[in-house]
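Take a look at the letters that make up each chain.
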Amino acid sequence: MSPESDTCARFLPLNSELHQRHYHDPKTRNNTRTVLVINTGGTIFMQKDATGALCNSADSVLDVLDRLFELDHPNMPVVHWVQATEQIDSSSMKPLHWLSLAEYIHSKKDKYQGFVVTHGTDTMAYTGAALSFLLHSLHCPVIITGAQVPLSQPMSDGRSNVLAAIYLAGHSKTHREVSIFFHDALHRGNRSTKFSSTQMNAFTSPNGQPLIRLAVDPDIFPGNEKIEHYDHYRFDWKFSNNIYVLRLEPSQDLRAMLALMRFIMDGDGEPSVVQLPPPPALPPCQPRGQDAGTRPGQAPEGHPPGRKSKMRKSLDRTPLSRKAMLEAQVDGNARRIVPTRAIIIEAFGSGNVPEGNPLLKQLLMEAKAKKTVIAITSQCLGGRVDIGSYAAGSDFNASGCIHTGDMTSEAAYVKLALLLGQGDLIHEEISFLMTTNLRGEISHSKKHKIHGRQPDPRESAEQAPAEVATPLLVPSPLE
Ligand SMILES: NC(=O)C[C@H](N)C(=O)O
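Keep in mind the model is a prediction, meaning the values are calculated, not measured.

Enquirer: Lay out the UniProt feature "binding site: substrate" (unreviewed entry) in the chain in plain terms, naming residues and giving numbers.
Expert: Summarizing the sequence annotation, UniProt attributes the feature "binding site: substrate" (unreviewed entry) to Ser90, Thr121 and Asp122 in the numbering used throughout. Spatially, the listed residues are clustered: although they cover 33 residues, their C-alpha atoms lie within 6.8 Å of one another. Tracing the chain through its elements places serine 90 in the loop between strand S5 (78-83) and helix H3 (95-107). Contact partners of serine 90, with chain neighbours within four places excluded, come to His119, Gly120, Thr121, Asp122 and Thr123. Tracing the sequence through the fold places aspartate 122 in the loop between strand S6 (114-118) and helix H4 (124-134). By relative accessible area, which is 44% here, aspartate 122 ends up partly exposed. Ignoring sequence-local partners within four residues, the contact set of aspartate 122 consists of Asp89, Ser90, Ser91 and Lys194.

See the structure below:
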């Protein structure tokens, strides 16, 4: 058993003791929805140890819950609570935690109308992005929240955060997707980032408005219907562990970074993938259903062996991209190389790097042959990567590095880990899917053509709508 499996076994199964609030009179309740709150740890339920450092405490949760008298309000949903057998600081969260959390939520989907995950803030945006890709077919709100100050302390933001998250998760008009509630805003899970370690308002959506901004306004949730799912692309529940992030610095000796890149690219050993079987209730993936029983590398019946059948397989499970993929530069002469490693270069501005380094150029050209994907993100919090808009970024463009557009670094990392983890996508497919809006995580740039392909006309119709903050009246009558 791998260390990750051990960690997972401690994290899950979750405590089977569900705690349910007892309300004064169920008949007077306006809200008949039931929300499951899953505590995974983080500051919200932490307490100070003898040295004054915050640490997870398994005892505090139930004491705290009894103090949340707002849960008795008739407009609040019925709440059940469950917690991981070991709560963790979110800095220890790994892909296996994302997977096991997604699996747990998925297993409860018929019992609850909404979910709240209490979670540390440090890596909340990664979990938000990961769950958004894994739980796209859930069609109910999954809201992650936490706190900057523990509930056990005066002036904690945990109380308002968790109550608002529960309220929203139990509201029929809340966006049925994975989101993060913090301070006064509901952010799309794969669009948000933690920008402050000290402010109560710690999260932002750098390239869009929050889905909902709490306000005293009677006009609640207008236009939420348009925030839905964009693509039915189905991923296997697998994340690659072989993603490395390198950050450029002005005075850095570029040779050291290039040596590191070469070390990563030449890395031997098996690619490491973390996986869970996909939940059985998810709609079966068409081509995998068709190919059931086909061994990897073996051509499914009726298709010639080799590149074409594999490509067909990929195309079939990517309905949105089928036409566009055919137009992409994956011609008959392209070598079918399935990358097993990825390097994300955190470049300057819109994707720039110190100019005129022949070794960098050479390494970028070598990367593909060495089964390594190179993706470019920006050190800027907002805006988009547009490599090649400056001469200083043109080496990236010429060598087929992957644009990450206006995705947050967290979403780009998680998405790339997921795509690489699939284990059968070639470079061009990864590049295409990275730049395609699958779950509202990226906006399409008209200017940006992916490897010379023409955009699929359906993309403009299915791309993420402009996210508009929706004022919310609190409390409001429920339907
Ligand atoms: N505010 C927090 O929750 C920070 C904490 N270190 C965590 O991410 O678990």
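Back to the write-up after that little detour.
Enquirer: Please provide a residue-by-residue account of helix H5 (residues 158-169), values included.
Expert: Taking 1.5 Å per residue as the helical rise, H5 with its twelve residues ought to reach 16 Å, and the 16 Å between its terminal C-alpha atoms agrees with that figure. Burial within H5 is extensive, with ten of its twelve residues counted as buried. Buried residues of H5: Gly158, Asn161, Val162, Leu163, Ala164, Ala165, Ile166, Tyr167, Leu168 and Ala169, and no others.

Enquirer: Run through the site of the ligand, naming residues and quoting values.
Expert: Around the ligand, the neighbouring residues are Gly42, Thr43, Asp89, Ser90, Gly120, Thr121, Asp122, Ala147 and Gln148. A distance of 2.5 Å separates an oxygen atom of the ligand from a polar atom in the side chain of serine 90. Within the backbone of alanine 147, a nitrogen or oxygen atom sits 2.9 Å from a nitrogen atom of the ligand.

Enquirer: Before we move on, could you go through the UniProt feature "domain: Asparaginase/glutaminase C-terminal" (unreviewed entry) in the chain and cite the residues and values that matter?
Expert: Taking the numbering used here, the UniProt-annotated feature "domain: Asparaginase/glutaminase C-terminal" (unreviewed entry) corresponds to residues 340-430. Across residues 340-430, helical content stands at 37% and strand content at 18%; the span's end C-alpha atoms are separated by 11 Å.

Enquirer: How would you summarise the environment of phenylalanine 45 if you had to cite specific residues and measurements?
Expert: As for its position among the elements, phenylalanine 45 is in the loop between strand S2 (34-39) and strand S3 (46-48). Exposure remark for phenylalanine 45: the relative accessible area of 3% places this residue in the buried category.

Enquirer: If you had to explain the sheet that holds strand S14 (residues 243-247) to someone new, which residues and values would you point to?
Expert: The strand order S14-S16-S17-S18 describes an open sheet built from four strands, whose pairing is parallel. Both edges of this open sheet fall to S14 and strand S18 (402-403), since each of them pairs with a single strand only. Two elements, strand S17 (residues 372-378) and S18, share two bridges in a ladder whose sense is parallel. Residue pairing in the sheet places alanine 375 in a bridge with isoleucine 402 of S18. This element, helix H6 (residues 254-265), spans S14, strand S16 (341-347) and S17 of the sheet and lies at about 160 degrees to S16.

Enquirer: Mind laying out the environment of phenylalanine 396, listing which residues take part and the relevant values?
Expert: Mapped onto the fold, phenylalanine 396 is located in helix H11 (residues 394-398). On the basis of relative accessible area, phenylalanine 396 is assigned to the buried category, the value being 0%. For the pair phenylalanine 396 and asparagine 352, spaced 44 residues apart in sequence, the C-alpha to C-alpha distance is 8.4 Å.

Enquirer: Could you give an account of the domain arrangement of the chain, naming the residues involved and the relevant values?
Expert: Entries for the chain in the domain assignment read domain 1 (2-225) and domain 2 (239-434). Listed per partner, the contact involves 25 residues of domain 1 and 20 residues of domain 2. Of the roughly 2000 Å² buried between domain 1 and domain 2 on both sides combined, carbon and sulfur atoms contribute 74%. When residues of domain 1 are sorted by the area they lose upon contact with domain 2, Tyr126, Phe133 and Asn207 head the list and together hold 25% of the total.

Enquirer: Explain the pattern of salt bridges to me, and be specific about the residues and the numbers.
Expert: Tallied over the entire structure, the rule returns 14 salt bridges. In this structure, aspartate 184 engages arginine 213 in a salt bridge whose closest nitrogen and oxygen atoms are separated by 3.0 Å. Of the two residues, aspartate 184 sits in the loop between strand S8 (178-182) and strand S9 (185-188) while arginine 213 sits in strand S12 (residues 212-214), which places them 29 residues apart along the sequence. Several salt bridges share partner residues, and in doing so they unite Arg262, Asp266, Glu366 and Lys370 into one network.

Enquirer: Kindly report on the packing of aromatic side chains, identifying the contributing residues and their values.
Expert: Counted under the stated rule, the structure contains five aromatic pairs. Ring geometry for phenylalanine 182 and phenylalanine 203: centres 5.0 Å apart, planes at 50 degrees, overall tilted. Here phenylalanine 182 is found in strand S8, whereas its partner phenylalanine 203 is found in strand S11 (residues 203-204), with 21 residues between them in sequence. Look at phenylalanine 182 and you get buried, because its relative accessible area is 0%.

Enquirer: I'd love a proper account of the packing of H3 against H4, names of residues and values included.
Expert: Interaxial distance between H3 and H4 falls to 10 Å at its minimum, and their mutual angle equals 50 degrees. As judged from the angle between their axes, H3 and H4 are oblique. For H3 against H4, the interelement crossing comes out right-handed. Contacts between H3 and H4 involve Trp98, Leu99, Leu101, Ala102 and Ile105 from the first element and Tyr126, Thr127, Ala130, Leu131 and Leu134 from the second.

Enquirer: Help me get a handle on the packing of helix H12 (residues 409-421) against helix H13 (residues 427-434), residues and values and all.
Expert: Packing of H12 against H13 leaves a shortest axis separation of 10 Å and a crossing angle of 145 degrees. Here H12 and H13 pass one another in a crossing that is right-handed. Of the residues in H13, those in contact with Ala412, Lys415, Leu416, Leu419 and Leu420 of H12 are Ile430, Leu433 and Met434.

Enquirer: So what's going on with the pairing of S8? Which residues, and what values?
Expert: Within S8, five of the five residues are buried, which leaves the element mostly enclosed by the surrounding structure. Where burial is concerned, the two faces of S8 agree: the one with Val178, Ile180 and Phe182 and the one with Ser179 and Phe181 are both buried. Crossover handedness for the path strand S7 (residues 142-145) to H5 to S8: left-handed. With four bridges connecting them, S8 and S9 associate as antiparallel partners. Looking at S9, one finds that isoleucine 180 is bridged to histidine 187.

Reading guide: rules and limits
- Throughout, a residue's number is its position along its own chain's written sequence, starting from 1.
- Owing to the predicted nature of the model, reporting of local features is limited to residues with pLDDT of at least 70; listing and counting of side-chain atom pairs is limited to 80 or more, with chain, interface and lining totals taken over all residues.
- The basis for every side-chain value is the complete set of non-hydrogen atoms in the structure, without hydrogens or water.
- UniProt positions are given in the numbering used here, feature names are shortened, and annotations may be inferred rather than shown by experiment.
- Working definition: helices are DSSP H or I runs of at least four residues, strands are E runs of at least two. Numbering for both runs from the N terminus.
- The contact definition used throughout considers only heavy atoms, calling two residues in contact when any of these lie within 4.5 Å.
- Between buried and exposed lies partly exposed: a residue is buried under 20% and exposed over 50% of the maximum accessible area for its type, with that area taken using a 1.4 Å probe on protein chains only.
- Helix span, expected: 1.5 Å multiplied by one less than the number of residues in the helix.
- Put simply, a residue is near a molecule or strand once any heavy atom of it comes within 4 Å of that molecule or strand.
- What qualifies as a polar contact is a pair of N or O atoms within 3.5 Å, subject to a donor-acceptor requirement within protein and to the restriction that residues adjacent in sequence count only when both atoms come from side chains.
- Here, a strand pair is defined by DSSP locating no fewer than two bridges between the strands.
- Note on method: axes are straight lines fitted to C-alpha atoms, helices fitted across the in-contact stretch only, with angles between N-to-C directions ranging 0 to 180 degrees.
- How far each domain reaches was decided by an automatic or database domain assignment.
- Values labelled buried area give the accessible surface lost by two parts on being combined, using a 1.4 Å probe and summing over both.
- A pair is scored as a salt bridge if a Lys or Arg side-chain nitrogen falls within 4 Å of a carboxyl oxygen belonging to Asp or Glu.
- Two rings from Phe, Tyr or Trp (for Trp, the six-membered ring) form a pair when their centres are within 6.5 Å of each other. A pair whose planes differ by under 30 degrees is stacked, one over 60 is edge-to-face, and the rest are tilted.
- Should an angle fall under 35 degrees it is called roughly parallel, over 145 degrees roughly antiparallel, and 65 to 115 degrees roughly perpendicular, with every other angle called oblique.
- The crossing is said to be left-handed when, going from far helix to near helix, the turn is anticlockwise and less than a right angle, and right-handed when the turn is clockwise.
- The path from the first strand over the helix to the second decides the hand: if it runs clockwise while the strands point away from the viewer, the crossover is right-handed.

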